[in-house]
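Per-entry structural report
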Amino acid sequence: MIKFNCSECGQSYRVSDEYAGKRVRCKGCSQINTIPQAENETVGNGDSLAAYNNLLKELSKAEKNTPALEIEP
């Protein structure tokens, strides 16, 4: 979801990512605005969501390759 404001009156809008780069007319003041590109979503200390998902995949692979512990009585 892309959030942006009209460059003339400041009216706020939320549109789907598929509209990035399209030109739209503000309902408040009729100013033509170009919808900005979608920003990366962030998690935690600014890490990108994609980086977080890649980390989870790597951890999952590591768990599968880790030998089971055998506890002696």
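Here we come to unusual backbone geometry. In this structure, S30 takes a positive phi of about 70° despite not being glycine. Within the element layout of this structure, S30 appears in the loop between β3 (23-25) and β4 (32-34). A relative accessible area of 42% places S30 in the partly exposed class.

Of the two faces of strand β1 (residues 2-5), the one lined by I2 and F4 is fully buried and the one lined by K3 and N5 carries no buried residue. Direction of pairing for β1 relative to strand β2 (residues 12-15): antiparallel, over a ladder of 4 bridges. Across the sheet, K3 pairs through a bridge with R14, a residue of β2.

Bringing the confidence of the model for the protein chain into the picture now. Looking at the protein chain, the pLDDT average stands at 81 and 77% of residues meet or exceed 70. No element of the protein chain has a lower mean pLDDT than strand β5 (residues 42-43), which averages 51, and none a higher one than β4, which averages 95.

One finds I2, F4, C6, Y13, V15, C26 and I35 forming the largest nonpolar core, which totals 7 residues. Sorting the residues of this core by element identifies β1 and β2 as the ones contributing at least two each. In contact with C26, other than residues within four places in its own chain, are C6, C9, Q11, Y13, Q31 and N33.

A few words now on the pairing of β2. Burial along β2 is one-sided: Y13 and V15 are buried, and none of S12 and R14, which face the opposite way, are. Where β1 folds back on β2, the antiparallel hairpin that results is connected by 6 residues, among which G10 adopts a positive phi of roughly 85°.

The rules we used
- Residue positions are given per chain, counting from 1 as you read along its sequence in written order.
- Per-residue local features of the predicted model are confined to residues with pLDDT of at least 70, and side-chain atom pairs are confined, for both listing and counting, to 80 or more; whole-chain, interface and lining totals are unaffected and use all residues.
- For the side-chain quantities, the full set of heavy atoms in the structure was used; hydrogens and water were omitted.
- To qualify as a helix, a DSSP run of H or I must reach at least 4 residues; to qualify as a strand, a run of E must reach at least 2; elements of each kind are numbered from the N terminus.
- Accessibility here uses a 1.4 Å probe with only protein chains present; expressed as a share of the type maximum, an area under 20% marks a residue as buried, one over 50% as exposed, and anything in between as partly exposed.
- DSSP-based pairing: two strands are paired if at least 2 bridges between them are found.
- On a range of 0 to 100, pLDDT expresses the predictor's confidence in each residue.
- What makes a nonpolar core is a set of buried Ala, Val, Leu, Ile, Met, Phe, Trp, Tyr and Cys residues whose side-chain atoms join them at distances within 4.5 Å.
- Working rule for contacts: check all heavy atoms of both residues, and any pair within 4.5 Å makes them a contact.

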